[in-house]
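Architecture and fold: a report
So the chains spell out like this:
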Amino acid sequence: MRALALVCTLNASPARSSSHHLAEQVMTEFERHGVAGEIVRIADHDVRPGVEVDMGDGDAWPAIREKMLAADILLIATPIWLGHPSSLCQRVLERLDGELSETDDQGRPYLYGKVAAVAVVGNEDGAHKVSADLFQGLDDVGFSLAPGAVTYWVGEAMQGTDYQDLDETPETVASTTRTLAANTVHLARLLADHPYPAS
């Protein structure tokens, strides 16, 4: 099995990123379940705005999409900005909208049978709202979600601490990340062996 993490920090590499840090922790847990993976930071690529699978003219999304289609699991990691997912995360959802018109020879969207999970970081409350937004969008385009398909960390309101700067990962976050990985990999294996029927 393979996993792809799309990190939607606004910061291009090599800038440090709490979203990237949490995505790395999730991918480490996936590896413990025998799932190899890759992390792609969206800010490092020219992902064009739009709702098609290829917006042409140097659009970087088609290459990222190929990685997604080759993976069994998609992880989206995003910071919270003003109570919402980042603008790059919203762009990823908009590009995923293009999958609604892409189907296999039985009429199923290509993303049926793939499993998604979410990682959220921020310094204000709002992780549940952000994950709910992402869950609905991911479900709409065909991904399945396991129980506990989100891990998150939010700092104290009106403070400046970043997740990446913590001396150690809080056990509540670590245990939630472990659950996300175990349940997501379990569901991905079930769907690989027993695909959804054509409707």
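Relevant structure appears above.
Criteria and thresholds
- Residues numbered from 1 in each chain as written.
- Predicted model: local features only at pLDDT ≥ 70, side-chain atom pairs only at ≥ 80, totals over all residues.
- Heavy atoms only, no water.
- Salt bridge = Lys/Arg side-chain N within 4 Å of Asp/Glu carboxyl O.
- Helix = DSSP H or I, 4+ residues; strand = E, 2+ residues; numbered from the N terminus.
- Buried < 20%, exposed > 50% of the residue type's maximum accessible area, 1.4 Å probe, protein only.
- Core = buried A, V, L, I, M, F, W, Y, C linked by side-chain atoms within 4.5 Å.
- Contact = heavy atoms within 4.5 Å.
- Expected span 1.5 Å × (residues − 1).
- Arc of directions from axis to C-beta.
- Patch = residues over 30% accessible without salt bridge, like charges linked within 9 Å, V, L, I, M, F, W, Y side chains within 5 Å.
- Areas by Shrake-Rupley, 256 points an atom, 1.4 Å probe, with all protein chains shown as cover.
- 1 Å grid on protein atoms, 1.4 Å probe; cavity = no way out; pocket = protein on both sides within 12 Å on 5 of 7 lines; lining within 4 Å.
- Points joined across faces, edges and corners; volume = space filled by probe spheres on them.
- Axes fitted to C-alpha atoms, helices over the stretch in contact; angles between N-to-C directions.
- Parallel < 35°, antiparallel > 145°, perpendicular 65-115°, else oblique.
- Left-handed = near helix turned anticlockwise from the far one by under 90°.
- Nonpolar A, V, L, I, M, F, W, Y, C, P; charged D, E, K, R; others polar.

What follows deals with the pattern of salt bridges. Opposite charge on two side chains permits pairing when their charged atoms draw close. Here the structure, examined in full by the defined rule, presents 12 salt bridges. In this structure, Arg16 engages Asp165 in a salt bridge whose closest nitrogen and oxygen atoms are separated by 3.1 Å. Residue Arg16 is located in the loop between strand 1 (2-7) and helix 1 (18-32), and its partner Asp165 is located in the loop between strand 6 (144-154) and helix 5 (171-193); the two are separated by 149 residues in the primary sequence. With a shortest N-O distance of 3.9 Å, Glu66 and Arg65 are connected by a salt bridge. Classification of Glu66 as partly exposed rests on a relative accessible area of 49%. Look at Arg65 and you get buried, because its relative accessible area is 10%. One network of salt bridges, with partners in common, ties together Arg65, Glu66, Glu99 and Glu102.

This brings us to the nonpolar core. Counting 30 residues, the largest nonpolar core has Leu6, Ile76, Leu96, Leu138 and Phe143 as the members making the most contacts within it. Looking at this core, the elements that each hand over two or more residues are strand 1, helix 2 (61-70), strand 3 (73-81), helix 3 (87-96), strand 5 (115-122) and helix 4 (127-140). If one sorts the elements of this core by residue count, helix 3 sits on top with 5 residues. Setting aside residues up to four positions removed in sequence, Leu96 forms contacts with Trp61, Met68, Ile76, Leu111, Leu138, Val141 and Phe143.

All right, on to helix 4 then. Owing to its 3.6 residues per turn, the α-helix brings residues three or four apart onto one side. Taking 1.5 Å of rise per residue, the 14 residues of helix 4 would be expected to cover 20 Å, and the 20 Å separating its terminal C-alpha atoms lies within 8% of that figure. Buried residues of helix 4: Ala127, Val130, Ser131, Leu134, Gly137 and Leu138, and no others. Looking straight down helix 4, one finds that the buried residues subtend no more than 130° of arc, so they occupy a single side. Among the structural elements, strand 3, strand 4 (84-85), helix 3, strand 5 and strand 6 are those in contact with the buried residues of helix 4. Following helix 4 by one or two positions, Gly142 adopts a phi angle in the positive range, close to 120°.

A contiguous nonpolar patch, built from Leu10, Trp81 and Leu82 and spanning about 400 Å² of accessible area, is present on the exposed surface. Inspection of the secondary structure assignment puts Leu10 in the loop between strand 1 and helix 1. Given the relative accessible area of 44%, Leu10 is considered partly exposed.

What follows deals with the layout of surface pockets. If you add up the space inside the largest pocket, you get close to 350 Å³. Around the largest pocket sit 21 residues that line it, and Pro79, Ile80, Trp81, Asn123 and Asp162 are the ones nearest its centre. No other element matches strand 3, which puts 3 residues into the lining of the largest pocket. Space inside the second largest pocket adds up to approximately 200 Å³.

What follows is about unusual backbone geometry. Between Ser13 and the following residue, Pro14, the backbone shows a cis peptide bond with an omega angle of 10°. Along the polypeptide, Pro14 turns up in the loop between strand 1 and helix 1. A positive phi angle, close to 55°, is found at Leu82, a residue other than glycine. Overall, Leu82 belongs to the exposed group, its relative accessible area being 85%.

It is worth spelling out the packing of helix 1 against helix 5 at this point. The geometry of helix 1 relative to helix 5 is characterised by a closest axis approach of 9 Å and an angle of 50° between their N-to-C directions. On the basis of the axis angle, helix 1 is oblique to helix 5. As for the relative orientation of helix 1 and helix 5, their crossing is right-handed in sense. Of helix 5, the residues touching helix 1 (which contributes Leu22, Gln25, Val26, Glu29 and Phe30) are Val173, Thr177, Arg178, Leu180, Ala181, Thr184 and Val185. Per-class residue counts for the contact of helix 1 with helix 5 are 7 nonpolar, 3 polar and 2 charged.

By themselves, these are just geometric observations and shouldn't be taken as functional.
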